[in-house]
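Commentary on secondary and tertiary structure
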Amino acid sequence: MKSHAKVVVIGGGVVGVSALYHLAKKGWGDDVVLLEKAELTSGSTWHAAGLLPLFNMSYSVGQIHKYSVNLYQELEKETGQPVGFSKVGNLRLAMNDDRMDEYYQYAATAKTIGIDVRFLTPKEIKKLWPLCNIDGLVGGIFHPDDGYIQPADLTQALAKGARGRGATIYRKTQVLAIEQTSSGAWRVKTPDGDITCEHVISATGNYARKTGEMVGLDVPVIPVEHQFIVTEPHPEIIQRQKNGEPELGVLREADGSWYLREENGGFILGPYEKGAPCCYVDGPDPRAEYELFQEDIDRLAPHIEAAMSRVPAFGEVGIKQVYNGAIAYTPDGNPIIGPAWDLDNFWLNEGHSFGITAAGGAGWQLAEWIVEGEPTIDMLGVEPRRFGDYATKDYLIAKNEEAYSHVFVIHYPDEERPACRPLHTAPCYKRMKAMGAVFGQKFGWERPNWFATDGMEQEDDWSFRRSKWFEAIRKEVANVTENVGLLDMTAFAKCRVSGPGAKKFLDQFVANSLPRKIGGLALAHALNQNGGIHSEFTIRREADNSFYLVSAGAFQRLDHDYLCKQMPRDNSVQFTQLTRSHGVLVVAGPKSRDLLERVTDTDLSNDAFRWLTSQDIVIADAPANAMRVNYVGELGWELHHALEHQNQIFDALFAAGEDLGLKPFGIRAMDSMRLEKSYRMVGTELSIEYSAYESVMDRFVKTDKGDFLGREALLASKDAGLNNLLVTLEVADVDNADALGNNALTKDGTVIGRATGGGFGFRINKSLALGMVKPEYAAVGTTLEIEILRKSYPARVVPDSPFDPKNERLRDVNDANK
Ligand SMILES: Cc1cc2nc3c(=O)[nH]c(=O)nc-3n(C[C@H](O)[C@H](O)[C@H](O)COP(=O)(O)OP(=O)(O)OC[C@H]3O[C@@H](n4cnc5c(N)ncnc54)[C@H](O)[C@@H]3O)c2cc1C
């Protein structure tokens, strides 16, 4: 057995073998090893139904699936090993208008990624799938390019391709322990000896948490039981085969939560049942190869009935076999692909519930990340660090069962799922609830999304179109614009970076200059090596060698891990986590100064308290740091405080603010207002797929300050010519739906970009979108078309910040005190 390798992949399911194949393809073949405790495919892979659905609402996962489907079609040619790819197409039915809206929104994402998807009427469905009863259908979509594959053959083909490039696979070799040596290398221990390597990839399927334990990681993966039924042959299918008719495509009735495909003259029915339990919660037995569980027909019954009424022929055949196997799950149902937190060179490729479909793309991006240092597509949707330490075992059991049972629900853009809530609440949570807050959840925190007032039901109203909360946020925005509003942003990620080396480190970590003066603020971005934007921080200089950093709540682990991994290892810089000890209340609006003046002695005039500065102030005896910034484009302050003082501050503000019109507002109003200011958001407008110049963040990039992470690549990208530019678009003629992001932007029918976000701007009374377009379409005045729920609307490029372009309101230029 080899004693050294560059990379050791643990796990010989389709996911691990694909990672090995792609590393070998990148030229590392002689230096990569895969260890499998039993036989290749002996985990979940062997019993998978092999479906390859291209459909996925996530931009990241969509690209991963597309890559896989393309790769698998070429694999047999490349390796000589058949993979059993049946390109029969995939038909998804819609039984109501909301489902059609979901397909419309999905189709826009598909168009920007380049996935072929066609809309069908019930009649066309009948033609394509003659055994389908079309009663109650409003339509459907068809993917001609997907189908199903033989998972074991696919794995063998990938293994052959990897071996052919020099990679080594050791079967019957269990990893018993993983240790880190003093030099930082990994030592992977097996009964046959140790392998010392630079990188470890964990691709251990249902064993993910067990493997994580070996290195102290609490991996957010627990499998759920998943069943499918194989039936006896049906005479009509046999007859179709005899007639030489094409195989029927995979049929999905999302509203009945099942799929159906042909198998050996009969059918396979796969449901996503309610009440399917988690399994292996403390890890499978080490010898649990090829394990199946007892079938649960009761759980299958409603789906069998639904399938029988949709496809009566299915009800006419006997059940041959039921498979009930473990399928790995994460709390949101997407896999985790990328670096582990807190560890160097330890990679996770786990939590795959559509692992046959995702294996190709996951291996491709991991190999890019490991060999080249960065992935090439936006991986936020599958980032391992999108979950935090709140994802305990109990949390995972509840959320993973929920994710499984929600596979076929309508994926509304504003959906908020109920399991494990509330988990973390800000101290003002109950007060906000009493004021009508309708909450959402981010990174475990409850945050008011909007406020139900004037007798409205305190319940969300999910939709792809303008819904009940549209009018509610109109009122919230109006109050922030005319009076003053309060927003709870306690969920922000917060930390302190301090020590003698802090300034030097941060200066080379972010692209902007650091605030020079104590109390100064800067918006700064940490790029990746390719010059794309990885993280965004508001940085407050607290002292010569101490900086307070605020970033998006959803990216707490991601941002902090990225930062900590770049820190020098000589103890000259210290990191302090402050997220759970510090709260943030934002007061914004023209009367925010009047309000604060009533509760603090600090001089808040423009001269004494300038925009983009901060000061320690006292509110009702509670210390707070007031930062004169906000994300809504009004005069305002973020009040950062120790959590134990939150309600003191909250109560003082509301006691003082009634006659000023102080009212709370939520995240959705904030989002509308940030669009009107063309403020970019990480994860949509800002991503590693686009350079900082493409996102038009030039004013936050100081290339003349000296070296910083990503500088060289950023400058090179500019020299080579930018591929995209971010623009603000005014969308005309819409009445009940706005862009949601991932909308195709076209010119004369050709896709020339994608909207990254969109919504309604109440202060300017216009529908807006932000989007990435090819530079030749970025000039102000250019008219494009934007696709919203399958209708095309004119979209005109307008100057950034259509509301208050000179920032007069947030700088408060009319203030008498200025
Ligand atoms: C009933 C059913 C139907 C499914 N249908 C589909 C489908 O139609 N389409 C689709 O895309 N997906 C489907 N899936 C999901 C799919 O099977 C999985 O996503 C996929 O197989 C995951 O592959 P993997 O390589 O991550 O895990 P696995 O195939 O489980 O491989 C992990 C491997 O790691 C090995 N291992 C673990 N610990 C160690 C250790 N310490 N040392 C060495 N080796 C170790 C295990 O022995 C195992 O072989 C289905 C799943 C089920 C249960």
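In this report, the structure presented in the accompanying data block is examined. (Residues numbered from 1 in each chain as written. Predicted model: local features only at pLDDT ≥ 70, side-chain atom pairs only at ≥ 80, totals over all residues. Heavy atoms only, no water.)

Here we look at the overall build of the chain
A tally of helices and strands in the chain yields 19 helices and 35 strands. For 818 residues, the compact-globule estimate of 2.2 N^0.38 gives 28 Å, and the C-alpha radius of gyration of the chain, at 27 Å, lies within 12% of that figure. Projected onto its principal axes, the C-alpha coordinates of the chain cover approximately 85 × 65 × 50 Å. Across the 818 residues in the chain, those meeting the buried criterion constitute 62%. Look at the contacts in the chain between residues 6 or more apart in sequence, and 72% of them connect residues 24 or more apart. Accessible surface for the chain amounts to roughly 29900 Å². Of this, 48% is attributable to carbon and sulfur atoms. Averaging the locations of the 88 positively and 111 negatively charged side chains of the chain gives two centres separated by 3 Å. (Helix = DSSP H or I, 4+ residues; strand = E, 2+ residues; numbered from the N terminus. Rg over C-alpha atoms; globule rule 2.2 N^0.38 Å. Buried < 20%, exposed > 50% of the residue type's maximum accessible area, 1.4 Å probe, protein only. Contact = heavy atoms within 4.5 Å. Areas by Shrake-Rupley, 256 points an atom, 1.4 Å probe, with all protein chains shown as cover. Lys, Arg positive; Asp, Glu negative; His and termini not counted. Charge placed at Lys NZ, Arg CZ, Asp CG, Glu CD.)

Details of the pairing of strand β17 (residues 437-442)
As defined by bridge partners, β17 adjoins strand β18 (residues 445-451) across six bridges and the pair is classed as antiparallel. Paired with K442 across the bridge in β18 is W445. Counting the residues that bridge the hairpin from β17 to β18 gives two residues, and of these F443 lies at a positive phi of roughly 50°. (Pairing = 2+ DSSP bridges.)

Some remarks on the sheet that holds strand β34 (residues 783-788)
Taken in spatial order, the six strands line up as β30-β33-β32-β31-β34-β35 and close into a barrel, and their pairing is antiparallel. In this sheet, neighbouring strand axes are inclined to one another by 45° on average, regardless of whether the strands run parallel or antiparallel. (Axes fitted to C-alpha atoms, helices over the stretch in contact; angles between N-to-C directions.)

Quick notes on the packing of aromatic side chains
Inspection of the entire model under this criterion finds 28 aromatic pairs. On the numbers, 4.8 Å between centres and 20° between planes, the contact of F228 with Y323 is stacked. Separated by 95 residues along the polypeptide, F228 in strand β10 (residues 224-231) and Y323 in strand β14 (residues 319-327) bring together distant segments of the chain. Both residues of the pair, F228 and Y323, belong to the buried class. (Phe/Tyr/Trp six-rings, centres within 6.5 Å; stacked < 30°, edge-to-face > 60°.)

Side note on the pattern of salt bridges
Pairs can form between side chains of opposite charge once their charged atoms are near each other. Counting across every chain of the model gives 52 salt bridges. We note a salt bridge from R299 to E273, for which the minimum N-O separation is 3.1 Å. Remark: E273 occurs in the loop between β13 (266-271) and α8 (297-310) and R299 occurs in helix α8; sequence separation between them is 26 residues. Given the relative accessible area of 11%, R299 is considered buried. Under the relative-accessibility criterion, E273 is labelled buried at 0%. Several salt bridges share partner residues, and in doing so they unite E225, E273, D296 and R299 into one network. (Salt bridge = Lys/Arg side-chain N within 4 Å of Asp/Glu carboxyl O.)

Some details on the packing of helix α1 (residues 14-28) against helix α9 (residues 355-372)
Interaxial distance between α1 and α9 falls to 8 Å at its minimum, and their mutual angle equals 40°. The angle between α1 and α9 places the two elements in the oblique class. For the crossing formed where α1 meets α9, the hand is right-handed. Together, V14, V15, S18, A19, H22, L23, K26 and W28 of α1 and G355, I356, A359, G360, G363, W364, A367, E368, I370, V371 and E372 of α9 make up the contact between the two elements. Its residues assigned to classes, the contact of α1 with α9 comprises eleven nonpolar, five polar and three charged. (Parallel < 35°, antiparallel > 145°, perpendicular 65-115°, else oblique. Left-handed = near helix turned anticlockwise from the far one by under 90°. Nonpolar A, V, L, I, M, F, W, Y, C, P; charged D, E, K, R; others polar.)

Considerations on the nonpolar core
F346 and I786 are the most contacted members of the largest nonpolar core, which totals 140 residues. Residues in contact with F346, not counting those within four places in the same chain, are I178, W186, V200, S202, V215, L217, G338, P339 and A340. Among the nonpolar cores identified, the runner-up in size contains 32 residues, and A437, V484, L585 and V587 belong to it. (Core = buried A, V, L, I, M, F, W, Y, C linked by side-chain atoms within 4.5 Å.)

A look at helix α2 (residues 59-79)
When the terminal C-alpha atoms of α2 are compared, their 30 Å separation across 21 residues agrees well with the 30 Å that a helix rising 1.5 Å per residue should span. Taking the largest bend as the criterion, α2 deviates by roughly 30°, centred on Q73. Between the side-chain oxygen at the start of α2 and the backbone nitrogen of S60 there is a gap of 3.2 Å, and the oxygen is on S58. Positive backbone phi, approximately 80°, marks G80, located one or two places after α2. (Expected span 1.5 Å × (residues − 1). Bend = angle between axes of the 7 residues up to and from the residue. Polar contact = N/O pair within 3.5 Å; in protein donor to acceptor, adjacent residues only side chain to side chain.)

Focus: the sheet that holds strand β23 (residues 546-551)
Here five strands make up an open sheet; going across it, the order is β21-β22-β23-β20-β24 and the pairing antiparallel. Looking at strand neighbours, the two that pair on one side only are β21 (521-527) and β24 (574-577), the edges of this open sheet. Looking at each pair of strands side by side, their axes are set apart by 30° on average, direction ignored. Its contacts with the sheet place helix α14 (residues 556-566) against β20 (493-498), β21, β22 (533-543), β23 and β24, and it is angled at close to 75° to β22.

Some details on the side chain of H582
You can see H582 is positioned in strand β25 (residues 582-588). Of the polar contacts made by the side chain of H582, one reaches the side chain of S581; its length is 3.1 Å. In this view, H582 contacts T490, K494, Y548, H641 and L643; residues no more than four positions away in its chain are not counted.

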